[in-house]
Amino acid sequence: MCPNNSTDRDTWAGGQGLLVSPITQVEQRSWKHWCGEIKRTRCTGEESWVDSRTVYIGHKVPPPGTEAYIPQRFPDNRVVSSKYTFWNFIPKNLFEQFRRIANFYFLIIFLVQLIIDTPTSPMTSGLPLFFVITVTAIKQGYEDWIRHKADNAVNQCPVHVIQHGKVVRKQSQKLQVGDIVQVKEDETFPCDLILLSTSREDGTCFVTTASLDGESSHKTYYAVQDTKAFNTAEEVDTLHATIELIHTYCISSNLLLRGATLKNTEYIHAVAIYTGMETKMALNYQSKSQKRSAVEKSMNAYLIVYLGILISKALINTVLKYVWQANPNRDEPWYNQKTETERQRHLIRAFTDFLAFMVLFNYIIPVSMYVTVEMQKFLGSYFILWDDDMFDEELGEGPLVNTSDLNEELGQVEYVFTDKTGTLTENNMELRECCVDGNVYVPHAICNGQILPGAAGMDMIDSSPGVDGKEREELFFRALCLCHTVQVKEEETVDGIKRGIHQGKSTSFYISSSPDEVALVEGMKRLGFTYLRLKDSHMEILNREDEMERFELLEVLNFDSVRRRMSVIVKSSSGEYYLFCKGADSSIFPRVVSGKVEQVRARVEHNAVEGLRTLCVAYKKLTHEEYDQTCRLLNSAKLALQDRDKKLAEAYDVIEKDFILLGATAVEDRLQDKAADTIESLHKAGMKVWVLTGDKMETAAATCYASKLFHRNTQILELTTKRTEEQSLHDVLFDLSRTVLRQLSGDYQDYGLIIDGATLSAVLKPTQDVTSNGGNYKEIFLEICRNCSAVLCCRMAPLQKAQIVKLIKASKEHPITLAIGDGANDVSMILEAHVGIGIMGKEGRQAARNSDYAITKFKHLKKMLLVHGHYYYIRIAELVQYFFYKRKNCFSSVLTLNLIDLHFTSLPILLYSLMEQHINMDILKRDPSLYRDIAKNSLLRWPTFIYWTLLGVFDAMVFFFGAFFLFDNTTFTSNGQMFGNWTFGTLVFTVLVFTVTLKLALDTHYWTWINHFVIWGSLLFYVIFSLLWGGIIWPFLNYQRMYYVFMQMLSSGPAWLSIILLIIVSLLPDVVKKVLCRALCPTTTERIQVRQHNSHDLHFHREEKIQLAYMSNIYKCVYISVIDSFLKEIILYTVTICLGR
């Protein structure tokens, strides 16, 4: 039996109902036994819950001999959103880190260096690996510690429990199944509870589920009939009862879910039935999985390539070694001749030599890259935290970063899945207008056909009503003041702010299970008719003349989603009977026999296109005999023992007909600030936006129009239960497929798709008959979605939202997905998506706690993706390519070890990856299309990787063979001494350090004093370090091979010239490539970079184009002159060397 206060929106768990069998009482030794069979219907898209259980209220087990007693163990009430514990942190973190190819590779290399005799020390691999593992563990441990703090804040929250007739305070995590909990007004339910009694005489309480689904409306729940009289702690403590829960379980009017908040009720008593990770809220969460970004996957792929190169190098060198040693004259020296036993163990020795070569060449795998990447992600996340534009003054909070591993993924999003209520909208309904017989009334603007102050400039349709029109107008206002379930409250404190206080005086305000009803009643108050209260079954209203009118409330025909309307029967003080009805236009118009239908219908259609929620209002007068007949019909249906709901529906159908149409209303579910602008920007950036909501289709569609997800020219395609009842699912899918594929033939049309939860379940259900007629519905559905600019999924259960995200993730394009929501029902899709973002609302932080990032408003998503995401991806893509390029250069230098590389060249690229801004952030926000330039991991594709690799190979060959050619048979010192191997290696390494650092300087667009300090300071540090390292005899070194080597190299003039020439030749190809690309086929980003440097005006004017072309010619002339001078120096130096010989 579902709650009779159902709103337009589904309940949080998907609109399920609780079936409770009649309560039976068994008297045995003063033992009361209450047995409630609670069943949960299997909801679409949800998993089964827990096994059957017996809950003893207050832990009062039956006396010995009464019945069989089997103790059951249930979990405590702790909730866990963290990944690690104190005991499993080290093994679990190490396991996750060694899943990375580079980390596992260096672990193997380190072990090999320990086991066999290798050319290098184990410290060269062990120390960098230890540093990487430690830094990563500290970062991930810190992030998990933040989650633990959030969990502890929830778990240590105080709750009140009834024990021995007294109210005892304990921590929430210590709550157990069977405890009787006392919850006071404005407190949150600590677990899933069955309502026993309330402070209200009728045994009802009011609850808001804003923290679960974003709904701030008040829902009514009912205490169990046999326990609602137990009001005090002493009375509740005397209760002896048992609850039998059969293995499936669902939402009911007695069941209070964890996370919901008690409202408008002083206190309640309830028994805990599900605690901790078995609560409905926790079970709707998907299990957390390790999320890895597209950049990290690209890194692993590149590492596999480099590992293949390494293995090939080691294998080739091993073969060449044995080919060389095959000649007896080239075998080991006479003093190191191999024994006969050693000569016979060729296979083992060959494998050992292969491992030795692997160790010798292992430096091409950039272990320092992982150190820098981890530091870049961790430090870079603070730029989001420090962003003042994303700080919310109302909440006093800014964005949160729960994990920094996905920063660059923010720049790769292709699909955005968003919740509606509380995410796109504020869930704050407001009456925009009402139409009575063609006359339009706007609160605060028009009253009684007269334009009020402040309404100037408004476009309104209005004609002052006549005498009859005025009577109809007042009847319309009375209908809206009477046809509702609104309650009046004097004062309430919400978030520290007292509602119902105006200018220091106490005033009433309205609460209801439906925010639409509150908006309508408040709108009527502004138009002169004030609903006062319901007292002694009489509804009191205040008219425009400040006269009180009393109507006796006789019957309420509650709203339901099938009829889509509600009605009341009232009796006026003059003895007249009225039946007032309000509902959707499709359910009212067919039942109207008179009234200005066409005028009202036109206004309703106009408001629907504007994205407003519309309702029609009608009435009819009843005679006393008709009222008596209506009462008999309703009572007969209510007392039916079988098919009660069906008979009630039939009775409602007979009663609600032959109406006179009064008018219509238009209510706006106010969008969040700049929500429409954000969605429009995301569309321009190439992202597809899907709205996933539990709301009904009409409500959600209205919001989609208002938020510009759907436009007026958008052709809406419906894949709903209503349509599949008329046609088979197969036929509907193929019809829609043919419709959307027409635009591929040239007839372009903007399409939007609407699908509901039931139809989605049928689509995702595996088809038994996979034939030409059956086919795979998933693929057809995905093909339809690909050709739609936007998709709306309504009536979604929480796990269905996750299924939608998973379906898109697994499609053949494997797009990057982002999910954003504000409630606990959004957590499953937030955890499923590549990137999960939570909205920090005024109530509830489940979504924010379980997300990767949290923001205060939906509008901040624009800057997070278009600016921060863009920068993060550009920076880390350059960092990754730069490290692989740098490692290719290391082929030329036998002295390049991981620790030296980490010290000399990692700091400049780290700073670059933190501060680079290739385009001004204001331009990125104004031109969302720039986001398309980096989509689909464009900067880390294989062609780009191959270019950087070839550039690194070219530079390595220039370093080695250039130095070898210049030094061959040539004396360089004043005393005729020739350079040795150590001097040669030092010169090559010096060229390498200067080249890779200057390459980074050429790629830098955003210069600050910090960039200058680090880039030029790192070069200066290398020189000073080399002078000190080679200028002092260090006592802790066993050998002094580098002593005086660097000074000897710098004392030679030709060495200086060689360094300069080799650096110029190495940088030349990249400079030429950039000049040609910018001149011949510049990208949008490159064009804007030129414009950014030469003009502050962002519009493409003719004068700017001429200036742009002129500046391009200047750049080309400068580059050509520089290249020409470099070539002349190279030729002159070559001739000098030849003449010297």
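From a predicted model like this one, the values you see are computed outputs, not experimental measurements. (Residues numbered from 1 in each chain as written. Predicted model: local features only at pLDDT ≥ 70, side-chain atom pairs only at ≥ 80, totals over all residues. Heavy atoms only, no water.)

What about the UniProt feature "active site" (unreviewed entry) in the protein chain?
In step 1: Feature annotation in UniProt places "active site" (unreviewed entry) on Asp419, given in this structure's numbering.
In step 2: Take Asp419: it is sitting in the loop between β15 (415–418) and β16 (425–436).
In step 3: One polar contact links Asp419 to Lys801, side chain to side chain, over a distance of 3.4 Å. (UniProt positions renumbered as here; feature names shortened; annotations may be inferred. Helix = DSSP H or I, 4+ residues; strand = E, 2+ residues; numbered from the N terminus. Polar contact = N/O pair within 3.5 Å; in protein donor to acceptor, adjacent residues only side chain to side chain.)

Section: the pattern of salt bridges
In step 1: In total, this model carries 45 salt bridges according to the counting rule given.
In step 2: A salt bridge links Lys801 to Asp826; its shortest N-O distance comes to 2.8 Å. Here the residue Lys801 occupies a position in helix α24 (residues 798–809), and Asp826 occupies one in the loop between β38 (817–821) and α25 (827–832), the gap between them amounting to 25 residues.
In step 3: Lys801 sits in the buried class, given a relative accessible area of 1%.
In step 4: Look at Asp826 and you get buried, because its relative accessible area is 0%.
In step 5: Across the salt bridge formed by Lys1074 and Asp1070, the nearest N and O atoms sit 3.7 Å from each other. Linking Lys1074 with Asp1070, this pair stays in helix α35 (residues 1053–1080), spanning four residues, or about one helical turn. (Salt bridge = Lys/Arg side-chain N within 4 Å of Asp/Glu carboxyl O. Buried < 20%, exposed > 50% of the residue type's maximum accessible area, 1.4 Å probe, protein only.)

Digging into the side chain of Glu374
In step 1: Its place among the elements puts Glu374 in helix α10 (residues 367–380).
In step 2: Beyond its immediate stretch of four places on either side in the chain, Glu374 contacts Arg100, Val135, Thr136, Lys139 and Asp405. (Contact = heavy atoms within 4.5 Å.)

Focus: helix α15 (residues 597–609)
In step 1: Its 13 residues give α15 an end-to-end C-alpha distance of 18 Å, which sits within 8% of 18 Å, the value for a rise of 1.5 Å per residue.
In step 2: Those residues of α15 lying buried are Val597, Val600, Arg603, Val604 and Asn607. Buried residues of α15, seen end-on, are gathered within an arc of 135 degrees and therefore sit on one face of the element.
In step 3: Those residues of α15 hidden inside the fold are in contact with β16, β17 (439–441), α14 (585–588), β31 (592–594), β32 (613–622) and β33 (659–671). (Expected span 1.5 Å × (residues − 1). Arc of directions from axis to C-beta.)

Some words on the UniProt feature "domain: P-type ATPase C-terminal" (unreviewed entry) in the protein chain
In step 1: Those places that UniProt annotates as "domain: P-type ATPase C-terminal" (unreviewed entry) correspond, in this numbering, to residues 848–887 and 896–1083.
In step 2: A distance of 40 Å separates the end C-alpha atoms of residues 848–887, which is 78% helix and 8% strand.

Things to note about the confidence of the model for the protein chain
In step 1: Chain-level statistics for the protein chain give a pLDDT mean of 77 and a share of 77% at 70 or above.
In step 2: Every residue in residues 445–464 is under pLDDT 50, and counting partners more than four places away or in other chains gives 37 contacts.
In step 3: A low-confidence stretch, residues 1125–1141 (pLDDT under 50), is modelled with 12 contacts involving residues beyond four sequence positions or located in other chains. (pLDDT = per-residue confidence, 0-100.)

Details of the pairing of strand β37 (residues 790–794)
In step 1: Within β37, five of the five residues are buried, which leaves the element mostly enclosed by the surrounding structure.
In step 2: Residues Ala790, Leu792 and Cys794 point to one face of β37 and Val791 and Cys793 to the other, with burial holding for every one of them.
In step 3: Two elements, strand β34 (residues 688–692) and β37, share four bridges in a ladder whose sense is parallel. Within β37, the position partnered with Val691 by the bridge is Leu792. (Pairing = 2+ DSSP bridges.)

Re the packing of aromatic side chains
In step 1: For the coordinates displayed, the defined rule picks out 37 aromatic pairs.
In step 2: Centre to centre, the rings of Phe86 and Trp87 are 5.1 Å apart; their planes meet at 85 degrees, and the pair counts as edge-to-face.
In step 3: Three or more aromatic residues joined by ring pairs form one cluster here, namely Tyr142, Trp145, Phe378, Tyr382, Phe383 and Trp386.
In step 4: Positioned above the aromatic ring of Phe589, the side-chain terminus of Arg601 is 4.5 Å from the ring centre.
In step 5: Taking the ring centre of Phe383 as reference, the NZ or CZ of Arg875 above it sits at 5.8 Å. (Phe/Tyr/Trp six-rings, centres within 6.5 Å; stacked < 30°, edge-to-face > 60°. Lys NZ or Arg CZ within 6 Å of the ring centre and 35° of its normal.)

Looking at the packing of helix α3 (residues 123–155) against α10
In step 1: The interhelical angle for the contact between α3 and α10, taken along N-to-C directions, is 20 degrees, at an axis separation of 9 Å. The angle between the axes of α3 and α10 places the two elements in the roughly parallel class. Crossing of α3 over α10 shows left-handed handedness. Taken together, the residues of α10 that come into contact with α3 (itself represented by Pro128, Leu129, Phe131, Val132, Val135, Thr136, Lys139 and Tyr142) are Val367, Tyr370, Val371, Glu374, Met375 and Phe378.
In step 2: Residue classes in the contact of α3 with α10 are distributed as 11 nonpolar, one polar and two charged. (Axes fitted to C-alpha atoms, helices over the stretch in contact; angles between N-to-C directions. Parallel < 35°, antiparallel > 145°, perpendicular 65-115°, else oblique. Left-handed = near helix turned anticlockwise from the far one by under 90°. Nonpolar A, V, L, I, M, F, W, Y, C, P; charged D, E, K, R; others polar.)

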